[in-house]
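A look at the structure
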Amino acid sequence: MARPRKPLLSRERIVDTARALVDAEGLAAVSTRRLAAELGVSGPSLYNHFRTKDQILEAVADSVSAQVDLSMFDAADPRDWRTALHDWAVSYRAALTLHPNIVPVLARGPGRRPAGLRLADAVFGAMVAAGWPPAQATSIGALMRYFIMGSALGSFAGGFVDDETAYDPADYPHLGQAHLLAERQDLIDARAFETGLHALLDGLAAQYEHMAGGEDPGRPAGDASTPAEASPGHP
């Protein structure tokens, strides 16, 4: 009887296996030897697809970026720029929440990763199309990225222990309910994200209104300086 054939090794199989390993055990768990064992192949066979461990992690990061919905930035989509940013931010956070251990790699920036570059291009292009100056569109993309990734790096609620005795009212008179935060962390963290996101978008909307009135949206009130700014395609 013929022996069953092993599935062919491919970039997709390597990335899927590496992503599962990162999700389960963190970045430190990934090595070519460990991946080869998980895939049931010899270590050198991985080098036909990736030269280094860093290249594998970059591909894993890009596979997560590819999960983010960008449809709201399509020219035919009816959503305005604020709604588009909100919906994109929610989708982005959802992807990072599923794969939090890869966030440090994503935080380095898109580099040469195709999905990451498509994401940056979509946000920047949509903001410019909405009327934002290119330099300010770049700042909006950076601001959103800081906020979304920061929210995915850890849980505020999950950082409090569930031991009531840790919060002596003599020392912490306002933390009498802090021991309940951890068990509600998903709800609390999601609500905090929405609160921050709406505040951020409210601020951008106010800047947009000032811009419509002929004011510079990127300059604080009363600031007469002319900042040197750069943006993609707008040095």
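Residues numbered from 1 in each chain as written. Predicted model: local features only at pLDDT ≥ 70, side-chain atom pairs only at ≥ 80, totals over all residues. Heavy atoms only, no water.

**Topic: helix α2 (residues 32-39)**
Inclusion rule: Relative accessibility under 20% of the residue-type maximum defines a buried residue, over 50% an exposed one, and the middle range a partly exposed one, all with a 1.4 Å probe and only protein chains included. In this description a helix means any DSSP run of H or I spanning at least four residues, a strand means any run of E spanning at least two, and both kinds are numbered starting from the N terminus. To obtain the arc, one takes the directions from the helix axis to the C-beta atoms. Two residues form a contact once any of their heavy atoms are found within 4.5 Å.
For α2, the set of buried residues is Leu35, Ala36 and Leu39. Buried residues in α2, looked at end-on, bunch into an arc of 100°, giving them a common side. Of the residues in α2, the exposed ones pointing more than 90 degrees away from the buried face are Arg33 and Ala37. Of the surrounding elements, those touching the buried residues of α2 are α1 (11-25) and α3 (53-65).

**As for the pattern of salt bridges**
Where we set the bar: One speaks of a salt bridge when a side-chain nitrogen belonging to Lys or Arg is within 4 Å of a carboxyl oxygen belonging to Asp or Glu.
Going through the model one piece at a time under the given rule, you end up with 9 salt bridges. With a closest N to O distance of 3.4 Å, Arg108 and Glu58 form a salt bridge. Of this pair, Arg108 sits in the loop between α5 (103-106) and α6 (114-129) while Glu58 sits in helix α3, placing them 50 residues apart in sequence. Arg108 sits in the exposed class, given a relative accessible area of 56%. Classification of Glu58 as partly exposed rests on a relative accessible area of 23%. Close ionic contact of Asp87 with Arg79 constitutes a salt bridge, the shortest N to O distance being 3.0 Å.

**Overview of the packing of helix α7 (residues 134-152) against helix α8 (residues 185-212)**
Note the cut-off: Helix axes use the C-alpha atoms of the stretch in contact, all axes being lines fitted to C-alpha atoms, and the angles between their N-to-C directions lie in the range 0 to 180 degrees. An angle counts as roughly parallel when it lies under 35 degrees, as roughly antiparallel when it exceeds 145, as roughly perpendicular when it falls between 65 and 115, and as oblique in every other case. Each residue is assigned to one class: nonpolar for Ala, Val, Leu, Ile, Met, Phe, Trp, Tyr, Cys and Pro, charged for Asp, Glu, Lys and Arg, and polar for all the others, Gly among them.
Packing of α7 against α8 brings their axes to within 11 Å, and their N-to-C directions diverge by 170°. By the criterion of interaxial angle, the relationship of α7 to α8 is roughly antiparallel. For the pair α7 and α8, the contacting residues are Gln136, Ile140, Leu143, Met144, Phe147, Ile148 and Ser151 in the first and Phe193, Gly196, Leu197, Leu200, Leu204 and Gln207 in the second. Its residues assigned to classes, the contact of α7 with α8 comprises 9 nonpolar, 4 polar and no charged.

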